[in-house]
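Residues per chain are reported as follows:
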Amino acid sequence: MYRGAEVAENSTHGIRADEPSDIGRRVLRLRTEKGLTQKQLAEPAYTAAYVSTLEAGRVRPSETALRHLAGRLGITVEELATGRPPHLATELRLRLTDARRTLATGDAEDAAALFRALRDEAAALELVGERFTALLGLGDCALETGDLTDARDLFAEAEALLAGQPLPRRVPALRGRATAHLLAGELRYACYLLETAVDELNASGMHDPDALLLLYTASIAPYMDMGAHARAAHAAELALALAPQVDNPALVAGMHRGVARTLIAEGRIADADASLAKAQELYQQLHIRTELAHCHWMRGYVHAQDGNLRKAENELRTARDMLASKRAALFTVQVEVELADVLRRRGKAAEAEELLRPLLSPTALGAERGAVHAGGAHRLLGLIAEERADTEAAEEHYCAALSLLERTGAAGDLADLCRLLGDLLRRTGRTEAALDAYRTGLGHRAAPGTTTLGPAPTAPPPWPRP
């Protein structure tokens, strides 16, 4: 996970200064306590007349003036600008780090309680950067627990809080909002958010490697789900090129995990496994259990693609147990869908069906909550029904999956599902209906990169190396 605390600065850029009259009274009081005249406080950079005007509250001091005055008065710029002792912000940042550690290693609901208290405290103290960080933490907690509407609202609130700040500062919140839309099955909108931010960053010349790496990495998943594999591979190439300029190990680990998915699609199984091993090593060093579980999840997928179903089952069970222990509800049920697929392929259809049926309750998976995996669960139940010659139940599940997936634009999954439905209809003598299903699948297969997506996001301009 990204570390939102990095947006908070101990400078006036991240400090909401008081009104000029409040600052003026503070300067007058501190100058008097120090036994300084206005001339002594002003020299050598300013005049006694300027200090007099400032103390009267008739001028707002610049950042340079605040630094000069704070230095002469023996206090920090923050304390002079806000009247707030500097240790309060420092203590709050330390507690934010502790809350982030709780989220990384423990329970999302426990972490959310910490972040809520810190958000309220930061708001009371008018600490904008710290409040932003707390909102990011709350958004991440909501993603883990599957409260996607709350997650979107929290990330949107964080973005609005820094509306006047440069885009790179807002990128972690924007990426979080895109992730919430992705998990809800709104793939096109997730792509739109990420692509728009990439284009704005590159067009404005704001070359921020951390922000760009976060955006390119985040775009891989929706591209892959939409079947836009070439675009996902291009995003992975751009992310790999940026990685040497990024010092944040969590961002680099996320990049390796995202890139692995494009390598799997290209059939480069060994390279994908190596990329996941790099990510796993970094997450172990950082003690981020959720992301480490995602690495086991992805490695299970790699083994499944390679035909090693026993290893795939072991990795997926490990991922599920890790996520369940953190009460990461949505991620847990998504892993269970993929585990059920492996179980079915291993000849354990009854166990797979037993695992899948509870997942289709509204509180587990559905149209607004993990739509792609909900469609996958119905697809698997349809296959299991077909294997026991229950064509009526199979058709019902395939149609339910089609309804879910059509809202998402998951082109590859839709094409495969239409093929399954078409084959079923053809075997039961409904040739025209089968042809319609096949045509629908072909239409979805042709869509990515043409009708469903706009122009590819721009690559960053060449960056002068030191």
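As annotated in an unreviewed UniProt entry, the chain is Helix-turn-helix domain-containing protein from Streptomyces triculaminicus.

Undergrad: Any chance you could explain the UniProt feature "coiled-coil region" (unreviewed entry) in the chain here in plain terms?
TA: Mapped onto this structure's residue numbering, the UniProt feature "coiled-coil region" (unreviewed entry) falls at residues 302–329. Secondary structure content for residues 302–329 is 79% helix and 0% strand, while the C-alpha to C-alpha distance between its ends is 23 Å.

Undergrad: What exactly am I supposed to notice about the state of the cysteines here?
TA: Counting across every chain of the model gives 0 disulfides. No disulfide involves Cys295; its nearest neighbouring cysteine sulfur is the one of Cys141, lying 20 Å away. The structure places no disulfide on Cys418, whose sulfur is separated from the nearest cysteine sulfur, that of Cys399, by 9.9 Å. With relative accessibility at 2%, the residue Cys418 sits in the buried group.

Undergrad: Where do I start with the pattern of salt bridges in this structure?
TA: Note on pairing: side chains with opposite charge can pair once their charged atoms come close. Enumeration according to the criterion identifies 38 salt bridges in this entry. Taking the shortest distance from any N to any O, the salt bridge between Arg261 and Asp225 comes out at 2.5 Å. Linking Arg261 in helix α14 (residues 249–265) with Asp225 in helix α12 (residues 209–225), this pair joins segments that are 36 residues apart in sequence. Look at Arg261 and you get partly exposed, because its relative accessible area is 23%. With a relative accessible area of 17%, Asp225 lands in the buried category. One salt bridge connects Glu353 with Arg357, and the closest N-O pair in it is separated by 2.8 Å. Look at Glu353 and you get buried, because its relative accessible area is 15%. The network of salt bridges with common partners includes Glu313, Arg317, Arg346, Lys348 and Glu351.

Undergrad: So what exactly am I meant to see when it comes to the environment of Gly137 here?
TA: By secondary structure assignment, the location of Gly137 is in helix α8 (residues 128–145). Between the alpha carbons of Gly137 and Leu201 there is a distance of 24 Å; along the sequence they are 64 residues apart. Every residue in contact with Gly137, bar those within four places of it in the chain, is listed here: Arg100, Leu103 and Phe115.

Undergrad: Explanation requested: unusual backbone geometry in the structure shown.
TA: Negative phi is the rule for most residues except glycine; trans is the rule for most peptide bonds. A cis amide bond links Glu43 with the next residue in sequence, Pro44, at an omega value of 5°. Positive phi outside glycine occurs at Ala389, with the angle close to 65°. With a relative accessible area of 63%, Ala389 lands in the exposed category.

Reading guide: rules and limits
- Residues numbered from 1 in each chain as written.
- Predicted model: local features only at pLDDT ≥ 70, side-chain atom pairs only at ≥ 80, totals over all residues.
- Heavy atoms only, no water.
- UniProt positions renumbered as here; feature names shortened; annotations may be inferred.
- Helix = DSSP H or I, 4+ residues; strand = E, 2+ residues; numbered from the N terminus.
- Disulfide = S-S within 2.5 Å.
- Buried < 20%, exposed > 50% of the residue type's maximum accessible area, 1.4 Å probe, protein only.
- Salt bridge = Lys/Arg side-chain N within 4 Å of Asp/Glu carboxyl O.
- Contact = heavy atoms within 4.5 Å.

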